[in-house]
Structures are given as structure tokens and as C-alpha cells.
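Listed below, chain by chain, are the residues.
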Amino acid sequence: MSLLASKSTWYATGKSLGLLYLFLLTGLFLDSYHFVKITAHAQWFANVAMFIVTGIVFFNVTKRNREQMITAILIAIIGEYLFSIVLGMYTYRLENVPHYVPPGHALVYISVLYFSKASSVIKHKISLEKIFGIFIFIYASVFLIFKNDVFGFVMTVATLFILRNKPRERLFYLTMYITVAVLEIIGTNYLCWKWPSTAWGVFDFLPSYNPPSGISFFYFGLDLGSLWLYKQRHKLAWLRMKNIRKIRSNSVN
């Protein structure tokens, strides 16, 4: 059964986010402090697992989505080295950028994209946006109150503020926020990476937690960058799609 055409919200969620979360839980375990006790080459096991799973997904999505996955990987490589190595925004276990991380970004991106585009999910779009929005605000507030996560709360508020005027992308980014939160909780608890006690370890007026709640704010760059590059490579197709949307909008009004 096609994920996008599925009439079951549970099926679409399980086949996209469910499988993703399960893989994050097991895949990151291979780079965890638990697995390091078994082998000194733990990170290579995580690398191999990620490349295999990303490859399987890559060859089972559309040509357009493959291109977006490649773009996401390239942008992630630049972003990871900039934010982790150059700026020291966070630090990986071996103080490197693990090879599994860039394709991991692409895997997260495509999973969230397929979830938010599934017809059974779109039917409940408004309700899901409200539920996700409330959950996210409560989640960030709990981190603020009990973990003094000012940095994460500020980024969460900024994310919700930006999405007020982004109805077309809102479900995607709200889902991305929750997915990144799951990813960060798993990764930091496995000690795969860690965040400093303040923003970038520099701004003392922005206390942070490990992980900060609203770190998905920086995924805007990855997502918008992937979309921008796709537009540049397919200008005519993108213009055609915009015109179709405009015609449909005018006919509704």
C-alpha cells in the first residue's frame, strides 16, 4: 500500500515517522556509550547501518525526492562542520562529524515530508497542527521551567511565530520540531553528542539544556536550502506549479 495514498492515518504515521523513530533508537545505539563498551569501532557500525537504510529509502522514493535527499546531505555536511566544528555549537562523542550524520538529516527530512504529504494525514491537517502546536509549547515550557532552557524556549517561540504565516508548510515544520526533539533526546541520552550549558557555550544570558528544546529552528536552513536549490534546478516546473496553485485558489474564491 502506498504511504501517500493510504486511507489510514496510523498506517501512514507508522510507515514514515514510526519506522524513522525505531531506526533512530536502534541506529544511534550503535554509536552510544553502551556499544562502546563492546567495541572501539562503534561509530563505524552506526555509519554502515545509516548508509544501508538511507540507500534503501533513496531507491524507493521518487526522482524528485532523491534529488532533495542528495541536496539535504550536501547542505547537512556544510552545516554540521560549520555549527559543530567551527562554531562549537555542539560536540560529537569523538569530536568529529560522524559519517552517519549527513545522510541521517536526509532520512529525517524525507520521512517528515512523506508523513506531512500523506492524504490520510492531510485530512486531519488542522487538528494535527493544533495538537502539535500545543504539545510543542508545553514541551518547551517544561524544559524552560524545570531545566532552565531559555535558549530552547526562545527558539521554540521563534519557530511558532514564523509558522503563523506559513499555512502550507506549518504541518511539515511542526512535525519536524517533534521529530528533532525525539532525535536529540535519544542522541544525547546515548552520549552520541552533547550541548553546552549556554547557547554556543558563549552567550551566558541564554542558558541551555542538553538538548535544547527548540533546536529544530536550525532545520529551517536545511529545509529551505533544499527547496531553494530544487527551485533553481527546475525553474520552469516550479513556475508551472505556482500558476496551477494560483488558478485553483482563484477558482475556490
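Each remark here, short or long, concerns the structure printed above.
Okay, so let's go over this structure. Here the structure is a predicted model, which is why all the values come from computation and not from measurement.

Conventions adopted
Residues numbered from 1 in each chain as written. Predicted model: local features only at pLDDT ≥ 70, side-chain atom pairs only at ≥ 80, totals over all residues. Heavy atoms only, no water. Helix = DSSP H or I, 4+ residues; strand = E, 2+ residues; numbered from the N terminus. Buried < 20%, exposed > 50% of the residue type's maximum accessible area, 1.4 Å probe, protein only. Contact = heavy atoms within 4.5 Å. Pairing = 2+ DSSP bridges. Patch = residues over 30% accessible without salt bridge, like charges linked within 9 Å, V, L, I, M, F, W, Y side chains within 5 Å. Areas by Shrake-Rupley, 256 points an atom, 1.4 Å probe, with all protein chains shown as cover. Salt bridge = Lys/Arg side-chain N within 4 Å of Asp/Glu carboxyl O. Core = buried A, V, L, I, M, F, W, Y, C linked by side-chain atoms within 4.5 Å. Phe/Tyr/Trp six-rings, centres within 6.5 Å; stacked < 30°, edge-to-face > 60°. Axes fitted to C-alpha atoms, helices over the stretch in contact; angles between N-to-C directions. Parallel < 35°, antiparallel > 145°, perpendicular 65-115°, else oblique. Left-handed = near helix turned anticlockwise from the far one by under 90°. Nonpolar A, V, L, I, M, F, W, Y, C, P; charged D, E, K, R; others polar.

Here's the deal with the side chain of Ser111
And step 1. Turning to its location among the elements, Ser111 is positioned in helix 5 (residues 101-117).
And step 2. Residue class for Ser111 comes out buried when judged on its relative accessible area of 11%.
And step 3. Those residues in contact with Ser111, other than ones at most four positions away along the chain, are Ser16, Leu17 and Leu20.

A closer look at the pairing of strand 4 (residues 203-207)
And step 1. Across two bridges, strand 3 (residues 198-199) lies against strand 4 in antiparallel orientation. Looking at strand 4, one finds that Ala199 is bridged to Phe203.
And step 2. In sequence, strand 3 turns back onto strand 4 through a hairpin of three residues, with Trp200 there showing a positive phi of about 65 degrees.

A look at a nonpolar patch on the surface
And step 1. Nonpolar side chains collect at one region of the surface, where Ile70, Leu74, Ile77, Tyr81, Leu82, Ile85, Val86 and Leu87 lie side by side and expose about 710 Å² of accessible area between them.
And step 2. Residue placement: Val86 occurs in helix 4 (residues 63-86).
And step 3. A relative accessible area of 61% places Val86 in the exposed class.

Here's the deal with the side chain of Ser208
And step 1. By the secondary structure assignment, Ser208 is in the loop between strand 4 and helix 10 (219-233).
And step 2. Take Ser208: its relative accessible area is 10%, and that puts it in the buried class.
And step 3. Beyond its immediate chain neighbours, meaning those up to four positions away, Ser208 contacts Asn148, Asp149, Phe151, Pro196, Ser197, Thr198 and Ala199.

Let's talk about the nonpolar core
And step 1. Counting residues in hydrophobic clusters, the biggest one holds 63 residues, and the most contacted among them are Leu28, Tyr100, Val121, Phe132, Phe172, Met176 and Trp193.
And step 2. Listing elements by their share of this core, those giving two or more residues are helix 1 (9-27), helix 3 (42-58), helix 4, helix 5, helix 7 (125-147), helix 8 (150-163), helix 9 (170-189) and helix 10.
And step 3. The biggest single contributor to this core is helix 9, with eleven residues.

Observations regarding the packing of aromatic side chains
And step 1. Under the criterion given, the structure shown has 20 aromatic pairs.
And step 2. Residues Phe217 and Phe218 carry aromatic rings whose centres are separated by 5.8 Å and whose planes lie at 90 degrees to one another, so their mutual orientation is edge-to-face.
And step 3. Looking at Phe218, the relative accessible area reads 25%, which means it is partly exposed.
And step 4. An aromatic cluster is built from Phe83, Phe151, Trp200, Phe203, Phe205, Phe217 and Phe218, whose rings are joined through pairwise contacts.

Thoughts on the pattern of salt bridges
Where charged atoms from two side chains of opposite charge approach closely, those side chains can pair.
And step 1. One pass over the full model with this rule turns up three salt bridges.
And step 2. A salt bridge links Lys125 to Glu129, with the nearest nitrogen and oxygen atoms 2.5 Å apart. In this pair, Lys125 and Glu129 both sit in helix 7, four residues apart, roughly one turn of the helix.
And step 3. Since its relative accessible area comes to 7%, Glu129 is described here as buried.
And step 4. As a salt-bridge pair, Glu129 and Arg170 come within 3.4 Å of each other at their nearest N and O atoms. Of the two residues, Glu129 is situated in helix 7 and Arg170 in helix 9; the sequence distance between them amounts to 41 residues.
And step 5. Ionic contacts of the salt-bridge type, sharing partners, join the residues Lys125, Glu129 and Arg170 into one network.

A word on the packing of helix 7 against helix 9
And step 1. Viewed as axis vectors pointing N to C, helix 7 and helix 9 meet at an angle of 40 degrees, and their least axial separation amounts to 9 Å. Judged by the angle between their axes, helix 7 and helix 9 are oblique. Our pair here, helix 7 against helix 9, has a crossing hand that is left-handed. Along the contact surface, helix 7 presents Lys125, Leu128, Glu129, Phe132, Gly133, Phe135, Ile136, Tyr139 and Ala140, while helix 9 presents Arg170, Leu171, Leu174, Thr175, Tyr177, Ile178, Ala181 and Ile185.
And step 2. A class-by-class count of the residues in the contact of helix 7 with helix 9 yields twelve nonpolar, two polar and three charged.

What about the environment of Val154?
And step 1. By the secondary structure assignment, Val154 is in helix 8.
And step 2. A relative accessible area of 42% means that Val154 is categorised as partly exposed.
And step 3. As a C-alpha pair, Val154 and Pro212 span 58 residues in sequence and 9.9 Å in three-dimensional space.

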